[in-house]
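Examining the three-dimensional arrangement
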Amino acid sequence: MTRLDRRLLFTTGAAAALLAATGVSAHASPKRGGRLVAALSGADRSDTWAQPQGIFMQAARGAVYETLTEIAADGTLRGDIASGWATQDGGLTWEFETHSNVTFHDGLALGMDDVAAVFARHADLNVLTAEATGDRTLQITLTAPNPSLPYVLAAPKFAVLPADPARQDAGIGTGLYSVQKFQAGRHFIGTRVSAHRKDGTAGWFDTVELVSIPSDTVRAEALRDTLIDVADIVALDAYSDPLDFQLLPSDHAPQQVARKTIGVPAAVGAAWPLDDLRMTQRWWMA
């Protein structure tokens, strides 16, 4: 298998962009430490790890789980759990290879049954068969060619969960943060995994905490009063000093607001909110 399918990788950006492994600007200085606290909307008491609904649960999954591929903030495709992929027939059959050191939070290694389960859960991927061809390789055959499959798999909904439903219910992932506390629709605390293959490139906070606040007004007030660091609001309240905050991904099309005590990369993903739901991976305490 080729390590990267360059015909696909180079369609969204220059070759140099592919070398920016962290997605962080060369002028930024990410550092480890601190606790990120975010107030988010869209939580529901029926939320589960396998069935996210609003922003709250999607952000929690962004901390706990990983996807096979990732789209960087500049639009460049790169591997996440996958170390490489290739197609020899225009996108009808694909082979994905995973990194050798992908481990779940309960200590079990990622298996090809876990990866195959992603395709089984999502009928919209139009997968005919998903078969292991090695300890770290999976061959996917589609019902019709899809040259864009690696891009599609970067969507947060295609996170790689354990194949075992009981382990899914427990919120066991391979991501940078393991579940310390989870109350559906209310509260999530994630603790940084002690050792992860992304050390030094992502996962800068020691702890991440998400709280559910349904009211836009109350989230804005909590941000103003320094009770939280980030909120999914599109404007500050009337009593906030704009100099203390940053509207992201841009002042012209904000999806969330963060205090300037939070460091962010030079480019912030806008396909999904909260830096493509990777806020907990990409941001740091400034």
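Presented here is a report on the structure given in the accompanying data block.

We now examine the overall build of the protein. A tally of regular secondary structure across the protein gives nine helices and 15 strands. Dimensions of the protein, computed from the C-alpha atoms along their principal axes, are close to 60 × 45 × 35 Å. Buried positions account for 50% of the 286 residues belonging to the protein. Sequence-distant contacts, at least 24 apart, represent 61% of the contacts inside the protein between residues at least 6 apart. Roughly 12,300 Å² of accessible area belongs to the protein as shown, and the carbon and sulfur atoms make up 53% of that amount. Side chains of the protein carry 24 positive and 32 negative charges; the gap between the two charge centres is 3 Å.

A few words now on the packing of aromatic side chains. Within this structure, the stated rule accounts for four aromatic pairs. Following the ring pairs from residue to residue traces out a cluster consisting of Trp 49, Tyr 65, Phe 182 and Phe 188.

Grouped together as the largest cluster of nonpolar side chains are 31 residues, with contacts concentrated most on Leu 40, Phe 188, Leu 210, Val 230, Leu 274, Met 279 and Trp 283. Those elements that place two or more of their residues in this core are strand 1 (35-40), helix 3 (55-64), strand 10 (207-212) and helix 8 (273-277). Considering every element that reaches this core, the biggest residue donor is helix 3, with seven residues. With sequence-adjacent residues up to four places away left out, Leu 210 is seen in contact with Ala 38, Leu 40, Phe 56, Ala 59, Ala 60, Arg 186, His 187, Phe 188 and Met 279. Counting 26 residues, the second-largest nonpolar core is a separate cluster that includes Phe 104, Leu 125, Tyr 151 and Val 160.

Taken in spatial order, the seven strands make up an open sheet running 8-9-10-1-11-13-12, and their pairing is mixed. The sheet is open, and its two borders are formed by strand 8 (177-183) and strand 12 (245-248), each paired with just one other strand. Two elements, strand 9 (residues 187-192) and strand 10, share five bridges in a ladder whose sense is antiparallel. Directly across from His 187, in strand 10, lies its bridge partner Val 211. In this fold helix 3 packs onto strand 1, strand 8, strand 9 and strand 10, with an angle of close to 165° to the strand it touches most, strand 10.

Criteria and cut-off values
Residues numbered from 1 in each chain as written. Predicted model: local features only at pLDDT ≥ 70, side-chain atom pairs only at ≥ 80, totals over all residues. Heavy atoms only, no water. Helix = DSSP H or I, 4+ residues; strand = E, 2+ residues; numbered from the N terminus. Buried < 20%, exposed > 50% of the residue type's maximum accessible area, 1.4 Å probe, protein only. Contact = heavy atoms within 4.5 Å. Areas by Shrake-Rupley, 256 points an atom, 1.4 Å probe, with all protein chains shown as cover. Lys, Arg positive; Asp, Glu negative; His and termini not counted. Charge placed at Lys NZ, Arg CZ, Asp CG, Glu CD. Phe/Tyr/Trp six-rings, centres within 6.5 Å; stacked < 30°, edge-to-face > 60°. Core = buried A, V, L, I, M, F, W, Y, C linked by side-chain atoms within 4.5 Å. Pairing = 2+ DSSP bridges. Axes fitted to C-alpha atoms, helices over the stretch in contact; angles between N-to-C directions.

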